[in-house]
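One letter stands for each residue in the lines below.
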Amino acid sequence: MEFKQILKKCGLKIKKSIFSDANEEILFLNMPEPEDLSVCDVSENDWISPQPMYALYHKQVMLNDMKEYRKISSDLDELSDKIKEASDEDPDNMRRYREERKHLQKEKDALEVTALEKAYQTLYGSNELRKTVCWKGNFYFTTMSALASMFVHLKGINRNSVLWKVPIITSNTENLSNTLLEKKTAAVEGGPCLFGVDEVQVIITLDDDKTYIFDFVTEHTVYPCDEDIYLTDFASEYKGRVKKIEYNFMKDTLTEAEYQSLLHVFDVADAFGVKAYIPLPDFSYKKYMDYILDELVTDEQILTNAKDEFAEGLRGISVLYLEAIERLKKKFSDSDVTVVYMDSEQEKRIFEEKREKYLTGKIMKSLTSRQAKRESIIDYVTMPALPFYLDGITNIIQVDCMDEADSCRKCRKLHKGVIEIYPLMYPEDISDDGVNTVYYTDRKYKVYHNTEDEV
C-alpha cells in the first residue's frame, strides 16, 4: 500500500501532518501496511519534525512585535521585583501584588496561545498542532529530511541513500538530542536477517523412504504440496524415524534489501562518527535447527552429520555478508565495525555471558510459548544491546528495518534504566510480486544485489 494511503486510512490528512513537505517519492512508496496505527500530535519537544519548532519561532516573532504583550511582560517583571522587596509585615500589598501577577500571567498565557495558533495557521493553514502516526504505541513516523534538520549529523548521510526516500520510524529522539548535546559515547547497531523465504530448505527422508521438504523460514512443507506440516510438529510426530537429512542452500548472493541494510548501518555510523556493531544471526538459526534435530533424530551419527552440515551451510551464507562488509569498510575508510557471528567465538561468548543477568523477570515469561524458538528469540531481543555487552556503550542507535521494532521494544524493557536505544527504522522493500516484502517472497520475485553496481 502506498504510504499516503496508509496515512489516509488511519485518518491523517497530509496537509495537517509533518509530511506536508515530504517528497512524493516517500508519499507514493509502496510498503507493508503496519497494524496498530493511531494519529497523534507532534510538539516541539518530540524532536521528530522541525515544523512545530518553526511555529514556535514564528509565535515568538509575533509576540515580540506585540505592544500589549511587551507591556504585560514588563509589568510582570516589575511585580516580581515588588514581591521580592515587599516585607512580610506588609501582607496587604503582598496579597495585592500576587493577585495582579496572577491576573497578568493569565493574560500573557492567553496571548501566547493565540499567537501559537496564528503561527500554525499562517505557516500550515490550520491552527492545530502538526500530526503524525504512532505505531505500536511508542514508535513515530517521520522522514530523514525532518530528522536531519534537527540532528545535523544526519545531513552527512549520502543523499542517494534509500533512507532519504522512505518514511523513518523512530522514538526516544528527545533523549538522543540530549545525548548528542552532552557528547556522550554512542554506537550504531543493526543489520539484516541471514536469509529469507525460499532460500534454505530442510529435506528429511523417513525410514519408509517418504521425503518431506520444509522451507526453513516459514517452517512449513513445500513438498508434498498436498500436505502442510509444521516442522516442530513433524519432529514430534516422526521422532526416531529419520533415514537421512539434507539441506538445500539456494542463496549465493545477497538481496538488494540485505545489502542496503548493511549500507544503512555504515552510513549512519559514519554520519555520527561512532562505532558500528552488526550481528549475523547464523548462530541463532543453528540453535533452532539443533533443537529440531535433537527432537527428531535418535541416531547419533545422523544427528551429528545433520548438525555439522547445517552449520557449514550457514557459514557459506555468512561469508556473503562478511565479504560485503569488507567491501563497505573500504568505502567507509574511517569505519570501526564489529561483526558478531557463529565463528567470532570471543565476541559471541561475551555477548551470551554478559546478557545473563538481564534475562529475568516477567518479560522472559512472555517472550514465546514455543520452546524450539526460545533461544533464538533471546538472541533476537538482546542483539540491539551488543554495543553495551561488548564495550559498555549505553547509548545505541538501532538502524534496522521496521520488522525489528519488537526487538527494540523488548530490549528496552530488559535493560530499563541501563541503556538507551534510539531506533532509526525503515520499511522493507515490497518484492516484485507486489504484495510481500523481499524477505517473505519466492526467489523469482527477489531482487539480488549486483556487486558491479557498488560505487
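A brief look at the structure comes next. Keep in mind it's a predicted model, so treat the numbers as computed, not measured. (Residues numbered from 1 in each chain as written. Predicted model: local features only at pLDDT ≥ 70, side-chain atom pairs only at ≥ 80, totals over all residues. Heavy atoms only, no water.)

### Brief notes about the overall build of the protein chain
A tally of regular secondary structure across the protein chain gives 16 helices and 13 strands. Burial status across the protein chain gives 50% buried among its 455 residues. Working note: accessible area of the protein chain is about 22300 Å², and carbon and sulfur atoms make up 46% of it. A gap of 6 Å separates the mean positions of the 61 positive and 84 negative side-chain charges of the protein chain. (Helix = DSSP H or I, 4+ residues; strand = E, 2+ residues; numbered from the N terminus. Buried < 20%, exposed > 50% of the residue type's maximum accessible area, 1.4 Å probe, protein only. Areas by Shrake-Rupley, 256 points an atom, 1.4 Å probe, with all protein chains shown as cover. Lys, Arg positive; Asp, Glu negative; His and termini not counted. Charge placed at Lys NZ, Arg CZ, Asp CG, Glu CD.)

### Some points on unusual backbone geometry
Between Tyr223 and Pro224 the backbone carries a cis peptide bond, its omega angle lying at -5°. Positive phi is not limited to glycine here, since Asp36 has a value of about 65°. Following the sequence through the fold, Asp36 ends up in the loop between helix 2 (24–27) and strand 1 (37–42). Residue class for Asp36 comes out exposed when judged on its relative accessible area of 53%. Non-glycine residue Lys136 carries a positive phi angle of around 60°. Relative to the helices and strands, Lys136 resides in the loop between strand 2 (130–135) and strand 3 (139–143). Taking relative accessible area as the criterion, Lys136 reaches 30% and is therefore assigned partly exposed.

### A look at the sheet that holds strand 8 (residues 221–223)
Taking strand neighbours across the sheet as the criterion, the four strands line up as 8-7-6-9 in an open arrangement whose pairing is antiparallel. Each of the sheet's edge strands pairs with one partner strand only, and the pair in question is strand 8 and strand 9 (242–249). Along the sheet, successive strands turn relative to each other by an average axial angle of 30°, direction set aside. For strand 6 (residues 200–206) and strand 9, the ladder comprises seven bridges, and the chain directions are antiparallel. The partner of Val200 across the bridge, within strand 9, is Phe249. Against the sheet, helix 11 (residues 300–331) makes contact with strand 6 and strand 9, and its axis sits at roughly 0° relative to strand 9, the strand it touches most. (Pairing = 2+ DSSP bridges. Axes fitted to C-alpha atoms, helices over the stretch in contact; angles between N-to-C directions. Contact = heavy atoms within 4.5 Å.)

### Let's talk about the side chain of Ser171
Relative to the helices and strands, Ser171 is located in the loop between strand 4 (167–170) and helix 7 (173–181). There is a polar contact of 2.9 Å between the side chain of Ser171 and the side chain of Arg412. Not counting residues within four places of it along the chain, the set of residues in contact with Ser171 comprises Asn138, Phe139, Tyr140, Arg412, Tyr422 and Pro423. (Polar contact = N/O pair within 3.5 Å; in protein donor to acceptor, adjacent residues only side chain to side chain.)

### Regarding helix 5 (residues 91–124)
The end-to-end C-alpha distance of helix 5, which contains 34 residues, comes to 49 Å, matching closely the 50 Å that a straight helix rising 1.5 Å per residue would cover. Contacts from the buried residues of helix 5 go to strand 1, helix 3 (51–64), helix 4 (67–85) and strand 2. (Expected span 1.5 Å × (residues − 1).)

### Notes on the pattern of salt bridges
Scanning all chains against the criterion turns up 28 salt bridges. Residues Lys287 and Asp379 are paired through a salt bridge, measuring 3.0 Å at the closest nitrogen-oxygen approach. A residue pair is termed long-range when its members are at least 10 positions apart, and Lys287 in helix 10 (residues 282–296) and Asp379 in helix 14 (residues 371–382) qualify at 92 residues. For Arg315, the salt bridge identified is with Asp343, shortest N-O distance 2.7 Å. With Arg315 in helix 11 and Asp343 in the loop between strand 11 (337–340) and helix 12 (345–354), this pair connects stretches of sequence that are 28 residues apart. (Salt bridge = Lys/Arg side-chain N within 4 Å of Asp/Glu carboxyl O.)

### Points about the environment of Glu227
For Glu227, the position within the fold is in the loop between strand 8 and helix 8 (231–237). On the basis of relative accessible area, Glu227 is assigned to the partly exposed category, the value being 23%. Counting along the chain gives 15 residues from Glu227 to Tyr212, while the straight-line C-alpha distance between them is 9.3 Å. Ignoring sequence-local partners within four residues, the contact set of Glu227 consists of Lys210, Tyr212 and Thr221.

### Description of the packing of helix 9 (residues 256–272) against helix 11
Two elements in contact, helix 9 and helix 11, have axes whose closest approach is 10 Å; the angle formed by their N-to-C orientations is 40°. Judged by the inter-axis angle, helix 9 sits oblique to helix 11. By crossing handedness, the relation of helix 9 to helix 11 is classed as right-handed. Together, Glu258, Tyr259, Leu262, Leu263 and Phe266 of helix 9 and Tyr321, Ala324, Ile325, Leu328, Lys329 and Lys331 of helix 11 make up the contact between the two elements. Of the residues belonging to the contact of helix 9 with helix 11, the class tally is eight nonpolar, no polar and three charged. (Parallel < 35°, antiparallel > 145°, perpendicular 65-115°, else oblique. Left-handed = near helix turned anticlockwise from the far one by under 90°. Nonpolar A, V, L, I, M, F, W, Y, C, P; charged D, E, K, R; others polar.)

### With respect to the packing of aromatic side chains
Under the counting rule described, the total for this entry stands at 24 aromatic pairs. Plain terms: the ring middles of Tyr212 and Tyr238 are 6.0 Å apart, the flat faces sit at 40° to each other, and that makes the pair tilted. Here Tyr238 lies in the loop between helix 8 and strand 9 and Tyr212 lies in strand 7 (residues 211–215), a separation of 26 residues in the sequence. The class of Tyr238 is buried, set by a relative accessible area of 12%. (Phe/Tyr/Trp six-rings, centres within 6.5 Å; stacked < 30°, edge-to-face > 60°.)

### Examining the sheet that holds strand 11
The strands that make up a sheet pair up through hydrogen bonds in the backbone, lying either parallel or antiparallel. Strands sit in the order 1-2-3-4-13-12-5-10-11 across an open sheet of nine strands; the sheet is mixed. Unpaired on one side and paired on the other, strand 1 and strand 11 mark the two borders of the sheet. Sheet twist, expressed as the average angle between the axes of neighbouring strands with direction ignored, equals 30°. Looking at chain direction, strand 10 (residues 275–279) and strand 11 are connected through four bridges and run parallel. Counted as the bridge partner of Tyr277 is Thr338 from strand 11. Strand contacts of helix 7: strand 4, strand 12 (395–401) and strand 13 (420–426), with the helix running at about 115° to strand 13, the strand carrying the most contacts.

So yeah, pure geometry; function would need other evidence.
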